[in-house]
Amino acid sequence: MIKAILIFNNHGKPRLSKFYEHYNEDTEQQIIRETFHLVSKRDENVCNFLEGGMLIGGSDYRLIYRHYATLYFVFCVDSSESELGILDLIQVFVETLDKCFENVCELDLIFHVDKVHNILAEMVMGGMVLETNMNEIITQVDSQNKMEKSETFIFQSTRQDR
Amino acid sequence: MALKIVKGSIDRMFDKNLQDLVRGIRNHKEDEAKYISTCIDEIKQELKQDNIAVKANAVCKLTYLQMLGYDVSWAAFNIVEVMSSSKFTYKRIGYLAASQCFHESTDVIMLTTNQIRKDLSSPNQYDTGVALTGLSCFVTPDLARDLANDIMTLMSHTKPYIRKKAVLIMYKVFLKYPESLRPAFPRLKEKLEDPDPGVQSAAVNVICELARRNPKNYLSLAPLFFKLMTSSTNNWVLIKIIKLFGALTPLEPRLGKKLIEPLTNLIHRWEEIPSLKVCHMLISLSSGMPNHSASIQVSLRGPLPINSMFVVLVKYLGLLAMSKILKTHPKSVQSHKDLILQCLDDKDESIRLRALDLLYGMVSKKNLMEIVKKLMLHVDKAEGTTYRDELLTKIIDICSQSNYQYITNFEWYISILVELTRLEGTRHGHLIASQMLDVAIRVKAIRVFAVAQMATLLDNAHLMTGNVQRKGICEVLYAAAWICGEFSEHLENPTQTLEAMLRPKVATLPGHIQAVYVQNAAKLFATVLKSQEGNTDSTAAQETSQLMIERLPLFVQSANLEVQERASCILQLVKYIQKLQQKDVEVAEEVIALFDGELNPVAPKAQKKVPVPEGLDLDAWINEPPSESESEDDQPKAIFAKEETKHSRTRHTEVDEKELAKVSWAEHATQIVYLYSGVYQEAPGVEHIPVVQIDLSVPLKVPGLPMSDQYVKLEEERRQKERVEKKKKDKKKRKEKGGGRRKKRDSGPESEEDITPAHMVDIVTEEMPEDFIISSQVLKVQMSYLCVFRPSRPLADSEKLPVRSHRAAEALKSPAEDGEAEAAASLEPKKKSSKEKREKKKDKEKDRKVRMNSYFLPGNHTLFPLANDLEASFSLSSSSKENDIQGNLQDGSQVVVSVIFENKCDSFLKSMEFNVLDSLNSKLQRPEGSGPHDGLTVPFQLPPGVSNEARFVFTVQSIVMPQKLKGTLTFIVKNEDSSTHEKLDFKLHFTCSSYLITTPCYSDAFAKLLESGDLKCSSVRLEGVSQPFHHLLARICFHHHFSVVERVDSCASMYSRSIQGHHVCLLVKTSGQTVSIDAKCDEPTLLGNVLDEIKQTFSQC
């Protein structure tokens, strides 16, 4: 099970947080801060796994992260997930974002966090990996976006009518 | 007009969408909070609008604010509104917001049930999909119950997109509503063979999660997974399946065998894929197959190439896998020791932590120092307290594991602990402190060294208290103060340490530490007084008292009650002492008596080993307690009684049995045991309470030379020397400080050998059992290590670690005794002017007859009133004396006899001289330069009614024969008007049993001994023994220093060792009134004599 997925930048500003277990808002912020603290002090060329912090998890949990330019992608998972598998998943996630946003950069995530959520929802559902095939994910995301667009068009036309 | 205004405001507000909000926040870096609060106000306005589009936009913004840490639960109802929009765009926004901020206690969730049901059955697959995704995040038991059926229907939806989501969400439903598992399971199983790989993978995923919780129920699916494993090409699915098998194999061993072939095939298949993937699989393999050696062979191939590849990821995973393998196959990991040590140098903390975990299972006596040295280097280098603390606990864990079994040199360990105290800001001060106490108490030989180190710590206490950051470490001072106080006799410069303990700075320490400081300052004070009174100059002693009186008021004012109480108590005492000093009264002896008594480690479970005497009901009250409170009142009484026995023998009679029995046995049995030892002579009825048992079967772990078992002793010593040399090198490198202590430390090798006999006794008595116990403990610890990943210390602790609180029961020790060493050494020419007649026969005149009992108390043990009676009778015209002879300390050829002199007459006795006529075999040890017939002066005088004890050392050549030594005691009886010289003759009877030392032995060792074939056999029969078998055993244990190895019904095997290392094994059988004893020993003469003595013991009763 995946317990949480966090994306934050080099300064610890959250860009996306998805918790699959309920915490109140303050705890969530603390977890993000703590995770950032743990992850950011690590060198570039060390391994991508570390034992979870105090707040999230415990001995059974591990943080698996990847650093892309200005962003950290962190997954907190328990021992039923394969470490390298999750690392792969992060890669798939980022590649998918790249395809969907066309050369994704931090700004895309800042302004379109809802879209990022929608993409993520096609990969991970309720803490379990739903789909790892990038093409499948993109197909689903695209067709949902198409649907949205058609609706927005209708909506906009109704608005103009008013 | 009004409509226009409304419309305009809608448009304006509507323009501010999520992007505008984000932009706005970015533009208001200075007053972000303020900006956001105005935004929230706007959002609240928007939510009041009827237009769903406006609401959805507001909810979308709220979702963003929620991520920034703002509570948006107040908008829950609006979120539900947006969720129920008919448009996918808004619905999605609503469900996203709900998944982010709804949880079980959100009350509007129950409003959603019908909406969700509607969405689930929507013709649009994305409506359904979005509902499932949202539901997966906030499903509650109620929702799960109400919707389980709908979701189950979806599991066979025509669209794979829906199917896979429905299958996956079932896991969440099972968690919240377990009853759904049974009806849904067949369909779930069916989905394992779904044509769509996504659905298949979802089903595998769900079953793996389920199996993690309860693998047993999923064994029946094994064949299905078997098929999947060979057919599937999806790596995700394969990993999951292998993990699943990992959970299943422990339950069904046959699976392991079956798996080998497909697994090897898989590995061959993967070997062509890039290396990372290979490792990936191997790791999952190794974690998956912990239980089958064949699979282990396969999986171990993983870590091997991994470590040479220097891929950090893989290194980490390799270590992780190793820790899993270590649980089942420690050997196969141990061969990678060097690699793991290398990993400690890795710059990656995660890897180092993993490696640390592994180290615990890999240390041995050989490599402990090396490993710890490495760890110490890391401690120095480490940044960040977390890792450093982790290191510290690991070092201590590694060293103290299995009862210090890997430590060969405790001086080294103490200095490691002292070094650790220099760490900045560690939280583990108390851990270090407890280790220091533990080692100092349990390893006698180390005390001198430990005390010196602790004194330095106390001296430098300001280094630890100065910084607030270092709060945790000041716990160490607790241990330091206590050790310095308790073992103050080893201090080189007690005055200085006393001064250090009374510094005003101490008042800044936490209360419990101050309390220990005060108490131990008093102990130190006693020691200082004693050393100073020896000098002719009495001012020094008075100065010390003055120092105490000046400094203690600081503590009397302490806010901590404990400190206050102790300080005022001690202050009064010191004031009183000062008064006495001014009158030139020598008080040191009395002061020191306050803190007299040896501290002995007793295993926590030792008490259980004391068998309950027959007919004694521990739960019954002998005197019905009038009330609850009364029963508590008894407690101090008993303690008081105990104190009395300790200090004055004349009071023994006051401690009658009744009073003892008042103490609730179950709670205070320990005290009673001590008490019995004190009243032993007065209460012959309780004579055979087998007090001895404490030592019989309880492993007291006080090894000076841990684990050095006799068979490999020589080799061990050689290694020891090597190690000491190595250690010296270490020390020079690491420790430039502490030059003053260097000379002591450097004498490492000699300290092992020429350490006091007491130390040797420790080893002799402990050696055998320790070895065997440890081997079984190692097993136990390893077992627990297997079960719980972090070895469960408590379990081991409860079995082995001693309780520190027992004052020893050298209960008869009297104040003057401390002087005995010097006294025994001083020699005066012997004056023979005996006047009185003596009768050397055993005719007993009732009044005057005096019995001499000898107690052999082997070194460190609590009490061991063993054996033999030295019968001698005297008749004295004017005075009578009671002489108790206690044997203490024994080593290869030395026996110490303690004699207690009691003056029973009304006159003052002085100038006592003790002399024994040496035989060829046994000689009284006299100071150098004195002749073989000179007597030894007893170093005290005896006022009427007073008793005191002196010790004499004998050298014994051969111990195979019992012998009697004749001796005389001359003394001057001083009356008010006259003084006369008198003389007392006595006989010391050294029985063979008294040369035996109770040595616990374990049945496997015992069996080995019997098999070895170098023991001679002998046997004896006792007729007409009517006492119960356990009494009989207890008597043998008690009088002849045996320990019971094993007892089966009416048959028992017993073991003992002589001081010269002869093994004596007994097999005692009883049938009716006949007892037969078959015995084996490597020295037939000794055996014969011991058997004769046993026979005699039983003929007497």
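Residues numbered from 1 in each chain as written. Chains lettered and ligands numbered in written order. Predicted model: local features only at pLDDT ≥ 70, side-chain atom pairs only at ≥ 80, totals over all residues. Heavy atoms only, no water.

Student: Explain the overall build of chain B here, please?
Tutor: When you go through chain B residue by residue, the secondary structure sums to 48 helices and 16 strands. Across the 1101 residues that make up chain B, the buried fraction comes to 56%. Across chain B, contacts joining residues at least 24 apart in sequence account for 72% of those joining residues at least 6 apart. Counting only carbon and sulfur atoms, one obtains 53% of the accessible surface of chain B, whose full area is about 46,700 Å². (Helix = DSSP H or I, 4+ residues; strand = E, 2+ residues; numbered from the N terminus. Buried < 20%, exposed > 50% of the residue type's maximum accessible area, 1.4 Å probe, protein only. Contact = heavy atoms within 4.5 Å. Areas by Shrake-Rupley, 256 points an atom, 1.4 Å probe, with all protein chains shown as cover.)

Student: Teacher, can you tell me more about the overall build of chain A here?
Tutor: What chain A contains, in helices and strands, is five helices and seven strands. When the helices and strands of chain A are listed from N to C terminus, the series reads β-β-α-β-β-β-α-α-α-β-β-α. Residue pairs at least 24 apart in sequence account for 49% of intrachain contacts in chain A once pairs closer than 6 positions are excluded.

Student: I'm lost on helix H7 (residues 113–120) of chain B in this one. Help?
Tutor: Structurally, the α-helix is built with 3.6 residues per turn, so residues lying three or four positions apart point the same way. Residue and element names in this part refer to chain B. Within H7, burial applies to Thr113, Gln115, Ile116, Asp119 and Leu120. Down the axis of H7, the buried side of the element spans an arc of 165 degrees, and every buried residue falls inside it. Along H7, the residues that are exposed and aim more than 90 degrees away from the buried face are Asn114 and Lys118. Those residues of H7 that are buried are in contact with helix H5 (76–83), helix H6 (88–101), helix H8 (125–138) and helix H9 (141–154). (Arc of directions from axis to C-beta.)

Student: Got a minute to help me understand the sheet that holds strand S5 (residues 71–77) of chain A in this structure?
Tutor: Sheet strands pair via backbone hydrogen bonds, and the direction of the pair is either parallel or antiparallel. Residue and element names in this part refer to chain A. Read across the sheet, five strands follow the order S2-S1-S5-S4-S3 without closing on themselves; strand pairing throughout is antiparallel. The open sheet has two edge strands with one neighbour each: strand S2 (14–19) and strand S3 (49–51). Here the strands of the sheet are splayed against their neighbours by 20 degrees on average, with no regard to which way each runs. Here strand S1 (residues 2–9) pairs with S5 via seven bridges, running antiparallel. Within the sheet, the bridge partner assigned to isoleucine 7 lies in S5 and is phenylalanine 73. Running over the sheet, helix H1 (residues 25–40) touches S1, S2, S3, strand S4 (62–68) and S5 and is turned about 70 degrees from S1. (Pairing = 2+ DSSP bridges. Axes fitted to C-alpha atoms, helices over the stretch in contact; angles between N-to-C directions.)

Student: How should the interface of chain B and chain A be read in this particular structure?
Tutor: As a measure of interface size, the accessible area lost when the parts come together is often cited. In this assembly, 64 residues from chain B lie in contact with 62 residues from chain A. If you sort the residues of chain B by the area they bury against chain A, Met67, Arg92 and Trp236 of chain B come out on top, with a joint share of 12%. At the surface where chain B touches chain A, the tally comes to six salt bridges. The salt bridge involving glutamate 81 of chain A is made with lysine 240 of chain B; its shortest N-O contact spans 3.4 Å. In this structure, the connection of chain B to chain A is made through 27 residue pairs in polar contact (both at pLDDT 80 or more). Looking at side-chain class alone, the side of chain B that touches chain A contains 30 nonpolar, 15 polar and 19 charged residues. (Buried area = accessible area lost by both parts, 1.4 Å probe. Salt bridge = Lys/Arg side-chain N within 4 Å of Asp/Glu carboxyl O. Polar contact = N/O pair within 3.5 Å; in protein donor to acceptor, adjacent residues only side chain to side chain. Nonpolar A, V, L, I, M, F, W, Y, C, P; charged D, E, K, R; others polar.)

Student: What is the right way to look at the sheet that holds strand S10 (residues 979–990) of chain B in this model?
Tutor: All names here are of chain B. The antiparallel open sheet is built from four strands, whose spatial order is S7-S5-S9-S10. In this open sheet, the two strands that pair with only one neighbour each are strand S7 (936–937) and S10. Inspection of the sheet shows strand S5 (residues 908–916) paired to S7 by two bridges, in the antiparallel sense. When the bridges of S7 are listed, phenylalanine 914 appears paired with leucine 936.

Student: What's the story with the packing of aromatic side chains in this structure? I'm lost.
Tutor: Here a ring pair, both rings aromatic, is described through the centre-centre distance and the interplanar angle of the planes. Per the stated rule, a full pass over the model turns up 15 aromatic pairs over all chains. Judged by centre distance (5.6 Å) and plane angle (90 degrees), the ring pair of tyrosine 68 of chain A and phenylalanine 73 of chain A falls under edge-to-face. By way of ring pairs, the aromatic residues Phe8, Phe36, Tyr65 and Tyr72 of chain A are connected into one cluster. The ring of tryptophan 74 of chain B carries the charged tip of lysine 44 of chain B above its face, separated from the ring centre by 4.9 Å. (Phe/Tyr/Trp six-rings, centres within 6.5 Å; stacked < 30°, edge-to-face > 60°. Lys NZ or Arg CZ within 6 Å of the ring centre and 35° of its normal.)

Student: Would you mind showing me how to read the side chain of arginine 42 of chain A here?
Tutor: Relative to the helices and strands, arginine 42 of chain A resides in the loop between H1 and S3. Here tyrosine 65 of chain A takes part through its side chain, which lies 3.2 Å from a polar atom of the side chain of arginine 42 of chain A. Beyond its immediate sequence surroundings of up to four residues, arginine 42 of chain A is in contact with Cys47, Phe49, Leu50 and Tyr65 of chain A together with Asp348, Glu349 and Ser350 of chain B.

Student: Mind showing me how you'd approach a negative patch on the surface here?
Tutor: All names here are of chain B. A cluster of like negative charges, contributed by Asp584, Glu586, Glu589 and Glu590, occupies part of the molecular surface. Mapped onto the secondary structure, aspartate 584 falls in the loop between helix H33 (561–582) and helix H34 (588–594). Residue class for aspartate 584 comes out exposed when judged on its relative accessible area of 59%. (Patch = residues over 30% accessible without salt bridge, like charges linked within 9 Å, V, L, I, M, F, W, Y side chains within 5 Å. Lys, Arg positive; Asp, Glu negative; His and termini not counted. Charge placed at Lys NZ, Arg CZ, Asp CG, Glu CD.)

Student: For this particular structure, what's the right way to read the confidence of the model for chain B?
Tutor: Low pLDDT means the predicted coordinates in that region are not meant to be read closely. Residue and element names in this part refer to chain B. Counting all residues, the mean pLDDT for chain B is 69, and 65% of those residues have values of 70 or more. This model gives residues 286–310 a pLDDT under 50, and the stretch forms 56 contacts once residues within four places in sequence are excluded. In this model, residues 732–890 is a region of pLDDT below 50 whose contacts with residues beyond four sequence positions or in other chains number 421 contacts. Across the predicted assembly, pTM comes out at 0.53 and ipTM at 0.94. (pLDDT = per-residue confidence, 0-100.)

Student: Hey, could you run me through the environment of lysine 191 of chain B in this one?
Tutor: Residue and element names in this part refer to chain B. Here lysine 191 is to be found in helix H11 (residues 181–191). Looking at lysine 191, the relative accessible area reads 7%, which means it is buried. C-alpha of lysine 191 to C-alpha of valine 167: the two residues are 24 residues apart in sequence and 7.9 Å apart in space. Apart from the residues lying within four places of it in its own chain, the contact partners of lysine 191 are Met155, Ser156, Arg163, Val167, Val199, Gln200 and Ala203.

Student: Help me understand unusual backbone geometry in this model?
Tutor: Phi is mostly negative for residues that are not glycine, and the peptide bonds are mostly trans. Residue and element names in this part refer to chain A. For alanine 69, which is not a glycine, the phi torsion comes out positive at approximately 45 degrees. Tracing the backbone through its elements, the reader meets alanine 69 in the loop between S4 and S5. A positive phi is found at asparagine 103, a non-glycine position, where the angle reads about 55 degrees. Its relative accessible area of 64% is what places asparagine 103 among the exposed residues.

Student: Would you mind showing me how to read the pairing of strand S8 (residues 947–956) of chain B here?
Tutor: The side chains of a regular strand alternate between the sheet's two faces. Residue and element names in this part refer to chain B. In terms of burial, S8 is a largely internal element, eight of the 10 residues being buried. Bridge analysis of strand S4 (residues 894–903) against S8 gives nine bridges, and the strand direction is antiparallel. In the strand pairing of S8, serine 898 is matched with arginine 951. Bridge count for strand S6 (residues 922–924) against S8 is three bridges, and the pairing is antiparallel. Directly across from serine 922, in S8, lies its bridge partner valine 956.

Student: Mind showing me how you'd approach the environment of glutamate 370 of chain B here?
Tutor: Examined against the element boundaries, glutamate 370 of chain B turns out to sit in helix H23 (residues 368–381). Those residues in contact with glutamate 370 of chain B, other than ones at most four positions away along the chain, are Lys337 and Leu341 of chain B.

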